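Coordinate analysis (summary)
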Amino acid sequence: DTEVTQTPKHLVMGMTNKKSLKCEQHMGHRAMYWYKQKAKKPPELMFVYSYEKLSINESVPSRFSPECPNSSLLNLHLHALQPEDSALYLCASSLPKVLAGTYYNEQFFGPGTRLTVL
Amino acid sequence: AQRVTQPEKLLSVFKGAPVELKCNYSYSGSPELFWYVQYSRQRLQLLLRHISRESIKGFTADLNKGETSFHLKKPFAQEEDSAMYYCALNLRKGGSEKLVFGKGTKLTVNP
């Protein structure tokens with residue numbers, strides 16, 4: 001399996017709902033990421049997990065709660081979202097590589113979950 | 001500040017014409033730069049990494065540290081190259097790594 005998968009593909013939720021987004025990879029990558037992408041904008045980093053521990057939180061509101069149950073899974077729990085949170089939520093994973101003696105990190109992206117908050 | 005600038009929001013060329021998508025960066029260390037592409041209704045995917053100096057789908061990108069640029073070039077554009085292109089800089093923060101993206105350039109290749 002050489003892909004990052006995300007479920008669901010689409011999600012519509014009300015502002016009082018609780019829902020979760022799921023991301024999975026079986027490539028042995030030890031870093032996983034959540035990004036938010038608004039229409040016609042670049043992805044914006046939300047969270048980074050490294051070896052199942054949260055290592056970066058880009059000052060994301062607490063209504064978004066990430067979880068990394070194991071090295072292959074990443075969840076994003078959603079609660080009391082606002083309409084402006086509607087966006088494409090991308091998951092990525094990465095693997096450090098070495099080329100010609102130089103280290104670099106390469107991220108692989110999932111297809112995203114398109115979230116609409118009513 | 002560490003940032004990536006893509007000055008062209010939109011770029012339109014005819015099939016067979018050369019194309020250059022510009023990317024400038026601001027970074028105090030030795031940069032790790034990438035080009036990602038997002039075709040319509042497809043996932044974001046890596047196109048090129050500066051470190052490997054390769055050609056993918058006819059595209060090349062050379063890191064110019066003097067001009068702090070990493071422009072993407074292709075000598076003869078094809079219609080299937082139409083997509084959104086993002087230049088990205090990898091930053092190391094607290095033992096983790098994060099990508100900072102430019103705002104993107106939408107390339108349209110006309111028949």
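One structure accompanies this document, and this report is about it. On a predicted model such as this, the values are computed, not experimentally measured, just so you know.

Whether parallel or antiparallel, the strands of a sheet pair through hydrogen bonds between backbone atoms. Residues and elements named next belong to chain B. The 3 strands lie next to each other as β3-β8-β7, forming an open sheet whose pairing is antiparallel. Only two strands of the sheet have a single neighbouring strand rather than two, namely β3 (19-21) and β7 (60-61). Examined bridge by bridge, β7 and strand β8 (residues 72-74) share 2 bridges and lie antiparallel to one another. Looking at β8, one finds that Ala61 is bridged to Leu72.

Below, the discussion takes up the layout of surface pockets. In this model, the largest pocket occupies a volume close to 1,100 Å³. Mapped onto the lining of the largest pocket, the elements with two or more residues apiece are β9 (87-99) and β11 (113-117) of chain A together with β9 (83-93) and β11 (105-110) of chain B. Looking at the lining of the largest pocket, its residues break down into 13 nonpolar, 12 polar and 11 charged. Roughly 190 Å³ of volume is contained in the second largest pocket. Around the second largest pocket, the lining comprises 15 residues; the ones closest to its centre are Ala31(A), Ser50(A), Tyr51(A), Pro96(A) and Tyr103(A). Elements with a contribution of two residues or more to the lining of the second largest pocket: β4 (31-37), β5 (44-50), β9 and β10 (102-109) of chain A together with β10 (96-101) of chain B. If one sorts the elements of the lining of the second largest pocket by residue count, β9(A) sits on top with 3 residues. Residue composition of the lining of the second largest pocket, by class: 7 nonpolar, 6 polar and 2 charged.

Right, let's get into the environment of Arg30(A). All names here are of chain A. Following the sequence through the fold, Arg30 ends up in the loop between β3 (18-25) and β4. Taking the relative accessible area as the measure of exposure, Arg30 reaches 33% and is therefore partly exposed. Spatially, the C-alpha atoms of Arg30 and Pro8 are 23 Å apart, while their sequence positions differ by 22 residues. Not counting residues within four places of it along the chain, the set of residues in contact with Arg30 comprises Tyr49, Ser50, Tyr51, Glu52, Ser71 and Ser94. Side chain to side chain, Arg30 and Glu52 meet in a polar contact 3.1 Å long.

Taken together, the 24 residues of chain A in the interface contact 21 residues of chain B. Taken together, both faces of the contact between chain A and chain B bury some 2,000 Å²; the carbon and sulfur share is 55%. Among the residues of chain A in contact with chain B, Pro42(A), Tyr104(A) and Phe109(A) are the three that bury the most area, contributing 23% of the side total. There are 3 salt bridges connecting chain A and chain B. Residue Lys98(B) pairs with Glu58(A) through a salt bridge whose shortest N-O separation is 2.5 Å. Joining chain A to chain B, the criterion identifies 8 residue pairs in polar contact (both at pLDDT 80 or more).

How each quantity is defined
- Residues numbered from 1 in each chain as written.
- Chains lettered and ligands numbered in written order.
- Predicted model: local features only at pLDDT ≥ 70, side-chain atom pairs only at ≥ 80, totals over all residues.
- Heavy atoms only, no water.
- Pairing = 2+ DSSP bridges.
- Helix = DSSP H or I, 4+ residues; strand = E, 2+ residues; numbered from the N terminus.
- 1 Å grid on protein atoms, 1.4 Å probe; cavity = no way out; pocket = protein on both sides within 12 Å on 5 of 7 lines; lining within 4 Å.
- Points joined across faces, edges and corners; volume = space filled by probe spheres on them.
- Nonpolar A, V, L, I, M, F, W, Y, C, P; charged D, E, K, R; others polar.
- Buried < 20%, exposed > 50% of the residue type's maximum accessible area, 1.4 Å probe, protein only.
- Contact = heavy atoms within 4.5 Å.
- Polar contact = N/O pair within 3.5 Å; in protein donor to acceptor, adjacent residues only side chain to side chain.
- Buried area = accessible area lost by both parts, 1.4 Å probe.
- Salt bridge = Lys/Arg side-chain N within 4 Å of Asp/Glu carboxyl O.

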